[in-house]
Amino acid sequence: MRGGKIFGTIRGRIVVLYTLLFALAFFFVFLTVNQLVGNFLISQRTTTQSEQVENVAARLASYTANRDASDLYVQSVSAAQELGGRILVLDMDGIVLCDTHAELNGRLLRHPEVEDVRQGKTNASYGYHRVNTGNPSLLGIGKTWVVYYTASIVHQSREVGILLVSLPMQDVVDLTHSVMTKFTVVSVCILVILVVASIFISRWISMPITQMTSAIRRMSHGDFEARVRVTGASEIAEMGRTFNRMSEQLASIDRQRSEFVSNASHELKTPMSAIKILTESLLYQENVPEEMYKEFLNDINEQIDRSNSLLSDLLELAQTERSSVAMRYTNQPVSDIIEEAVKTLQPIADEKGVALIVLPTVIRLQCDRIKMTTALINLISNGIKYTPQGGSVTISVDVQEQWVAIHVADTGIGIPKDDQAKIFERFYRVDKARSRETGGTGLGLSIVQQICRLHGGDIMLESEENKGSIFTMRVPQWGLEG
């Protein structure tokens, strides 16, 4: 459950991240759309109304110049009704000459729009204001948006006054708010859909990782059969396939470890049991003849030698299987390595009546001489053990492209086809009874294979029952790069 909570948190973080990103994006879109819509609607309105205000200014020019208050008022009211707003006519000092609401006559106004025209900055201006809805006076502060338009009143090329028109803008503001409200609702709906989609997407993405975490937890408790379900061809699917391959390798290593411990225990237990039985026989029997003493002690000595041989092979195998094992490469004549191995095993071959035949060679090899000699001794020794009296073991060398191939061919009993695939496994013996008679530990060929792999090569077998076997060590001629 703890792993589920962890990945639940990850899914939550993904959802939160997506939500924040989408919310931020929609916020900027909202602001942009709001500004664009508002600007478009207001710009369209102000452009139209500015033209109308200038037309009214031209229409009232003669009445303003003549200071005909009655006619000016009548024309102003008529124009105000047409525009749907309020009209004020000011002189060039900013004093109200005519107000269609008859409230501000004689008042001095200093609105920015009026000052722009009065000071000659521009012939027309406008600005936005909030006025009281119940009494939309120019001095009020209220709840309705209006636009103040000003224009210069020109009569016979002379500025005779300033026209100030107040027109409502609340309908445009309301329309803008309506559009943005709808847009906000749509945006929220889309955001909710995206959040829900991100939840499912994050769950879909994290599900393989959750399964992998569960499998790793099982492996940490010793269950190396844990696997994850792999679908598709994504990077996560490839990670799953890699994980399954790793699990298979770990399971294989664990089985080999169990088999190794079992086999090593059995191999060590057998001589120890024999020594115990022989020792107890000598201890608890009285008047044991000297010949029996010697026979039993000789058997005990053989069992000790067998145990020492097994321990030596186990130590050698452990050293060659270390990933950090040091390799001391030197350029060596292969003939010298073969001569050293043959010299070591010649007495054993002579005692058994097996001929050791070495074919001459001038090939050189970049290798760790001690390890390569150990491997060759194991191969030749193996050939001697399983070759009957009068047979032979032949050692030859050739070059196969960039590889040096060392062949050890015997005329022994051969290896059945069914056993050839397993012959390099630790403690594996084709004929266990015969192996014990010859003193084999079942580790020699495993050691040879590991030494070949340390050199970047491998070992191959060709064998036929009752005709003999050929083991071939193939390693790079110039050693491993780097």
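The structure presented is a predicted model; accordingly, all values stated were derived computationally and were not measured.

Colleague: How should I be thinking about the nonpolar core in this particular structure?
Modeller: The tendency in soluble globular proteins is for nonpolar side chains to be buried as a group. Counting residues in each nonpolar core, the largest one holds 37 residues, and the members touching the most others are Leu376, Ile380 and Met473. Secondary-structure elements contributing two or more residues to this core are helix H8 (334-352), strand S8 (364-368), helix H9 (369-385), strand S9 (392-400), strand S10 (403-410), helix H12 (444-454), strand S11 (458-464) and strand S12 (468-476). The leading source of residues in this core is H8, at seven residues. In this view, Met473 contacts Met372, Ala375, Leu376, Leu379, Val404, Ala405, Ile406, Val448, Cys452, Asp458 and Ile459; residues no more than four positions away in its chain are not counted.

Colleague: What exactly am I supposed to notice about the packing of aromatic side chains here?
Modeller: Two descriptors summarise a pair of aromatic rings, namely the distance from one centre to the other and the angle between the planes of the rings. Enumeration according to the criterion identifies two aromatic pairs in this entry. Ring geometry for Tyr126 and Tyr128: centres 6.0 Å apart, planes at 80°, overall edge-to-face. On the accessibility criterion, Tyr126 (39% relative accessible area) is partly exposed. An aromatic cluster is built from Tyr126, Tyr128 and Tyr149, whose rings are joined through pairwise contacts. Sitting over the ring of Trp403, Arg474 keeps its end group 4.5 Å from the ring centre.

Colleague: Explain the side chain of Thr361 here, please?
Modeller: With respect to the secondary-structure elements, Thr361 resides in the loop between strand S7 (355-358) and S8. When its relative accessible area of 16% is taken as the criterion, Thr361 is described as buried. Looking at Thr361, its side chain comes within polar contact range of the main-chain nitrogen of Ile363, at 3.2 Å.

Colleague: Even after reading the chapter, I still don't get the packing of H8 against H9, so can you show me in this structure?
Modeller: Between two packed helices, both the angle of their axes relative to each other and the distance between the axes serve to describe the pair. Between H8 and H9, the shortest axis-to-axis distance is 9 Å and the interhelical angle comes to 25°. Here H8 lies roughly parallel to H9, going by the angle between them. Crossing of H8 over H9 shows right-handed handedness. The segment H8 lies against H9, with Asp336, Ile337, Ile338, Glu340, Ala341, Val342, Thr344, Leu345, Ile348, Ala349 and Lys352 engaging Arg369, Met372, Thr373, Leu376, Ile377, Ile380, Ser381, Ile384 and Lys385.

Colleague: Sorry if this is basic, but what is going on with the sheet that holds S11 here?
Modeller: Strand pairing in a sheet takes place through backbone hydrogen bonds and is either antiparallel or parallel in direction. The strand order S7-S9-S10-S12-S11 describes an open sheet built from five strands, whose pairing is mixed. Strand pairing shows two members of the sheet lacking a second neighbour, S7 and S11, which therefore form its edges. The sheet shows a mean angle of 15° between the axes of neighbouring strands, direction not considered. With four bridges joining them, S7 and S9 adopt parallel strand pairing. Bridged to Ile357 within S9 is Thr394. Across the sheet, H8 touches S7, S9 and S10, and the angle it forms with S7 is around 170°.

Colleague: Can you help me understand the sheet that holds strand S2 (residues 96-99) in this one?
Modeller: The strand order across the open sheet built from five strands is S2-S1-S5-S4-S3, with neighbouring strands paired in antiparallel fashion. The open sheet terminates on both sides in strands that have one partner only, identified here as S2 and strand S3 (124-131). Shown here is a sheet whose adjacent strand axes are inclined to one another by a mean of 20°, direction ignored. Here strand S4 (residues 144-155) pairs with strand S5 (residues 158-168) via ten bridges, running antiparallel. Within S5, the residue paired with Thr150 across the bridge is Leu164.

Colleague: Would you explain the packing of H9 against H12 in this entry?
Modeller: One way to put it is that H9 packs onto H12 with a least axis distance of 9 Å and a crossing angle of 145°. Two packed elements cross with a definite hand, and for H9 against H12 that hand is left-handed. Counting all contacts with H9, which are made through Lys371, Met372, Thr374, Ala375, Asn378, Leu379 and Asn382, the residues of H12 involved are Gly444, Leu445, Ile447, Val448, Ile451 and Leu454. Residue classes in the contact of H9 with H12 are distributed as eight nonpolar, four polar and one charged.

Colleague: Help me understand the side chain of Thr472 in this model?
Modeller: Considering the arrangement of structural elements, one finds Thr472 in strand S12. Take Thr472: its relative accessible area is 8%, and that puts it in the buried class. Polar contacts involving the side chain of Thr472 include one to the side chain of His407, which spans 2.9 Å. Sequence-distant contacts of Thr472, defined by excluding residues within four places in its chain, comprise Ala405, Ile406, His407, Asp458, Ile459 and Met460.

Colleague: When you look at a nonpolar patch on the surface in this model, what are you seeing that I'm missing?
Modeller: Taken together, the side chains of Val188, Val192, Val196, Ile199 and Phe200 make up a nonpolar region of the molecular surface, amounting to roughly 410 Å² of accessible area. For Ile199, a relative accessible area of 31% puts it in the partly exposed group.

Colleague: What should I look at first to understand the pairing of S9 in this one?
Modeller: In regular strands, side chains alternate between the two faces of the sheet. The pairing of S9 with S10 spans eight bridges and is classified as antiparallel. Across the sheet, Ile395 pairs through a bridge with Val408, a residue of S10. Adjacent in sequence and paired antiparallel, S9 and S10 are bridged by two residues, among which Glu401 carries a positive phi angle near 55°.

Colleague: Whenever I open this one, the pattern of salt bridges confuses me. Can you help?
Modeller: When the charged atoms of two side chains with opposite charge come close together, those side chains can pair. Counted by the stated rule, this structure contains nine salt bridges. Its salt-bridge partner being Arg118, residue Glu115 comes within 3.0 Å of it at the nearest N-O pair. Linking Glu115 with Arg118, this pair stays in helix H4 (residues 112-118), spanning three residues, or about one helical turn. According to the relative accessible area criterion, Arg118 is partly exposed, its value standing at 27%. The network of salt bridges with common partners includes Arg86, Asp99 and Glu103.

Conventions used here
Residues numbered from 1 in each chain as written. Predicted model: local features only at pLDDT ≥ 70, side-chain atom pairs only at ≥ 80, totals over all residues. Heavy atoms only, no water. Core = buried A, V, L, I, M, F, W, Y, C linked by side-chain atoms within 4.5 Å. Buried < 20%, exposed > 50% of the residue type's maximum accessible area, 1.4 Å probe, protein only. Helix = DSSP H or I, 4+ residues; strand = E, 2+ residues; numbered from the N terminus. Contact = heavy atoms within 4.5 Å. Phe/Tyr/Trp six-rings, centres within 6.5 Å; stacked < 30°, edge-to-face > 60°. Lys NZ or Arg CZ within 6 Å of the ring centre and 35° of its normal. Polar contact = N/O pair within 3.5 Å; in protein donor to acceptor, adjacent residues only side chain to side chain. Axes fitted to C-alpha atoms, helices over the stretch in contact; angles between N-to-C directions. Parallel < 35°, antiparallel > 145°, perpendicular 65-115°, else oblique. Left-handed = near helix turned anticlockwise from the far one by under 90°. Pairing = 2+ DSSP bridges. Nonpolar A, V, L, I, M, F, W, Y, C, P; charged D, E, K, R; others polar. Patch = residues over 30% accessible without salt bridge, like charges linked within 9 Å, V, L, I, M, F, W, Y side chains within 5 Å. Areas by Shrake-Rupley, 256 points an atom, 1.4 Å probe, with all protein chains shown as cover. Salt bridge = Lys/Arg side-chain N within 4 Å of Asp/Glu carboxyl O.

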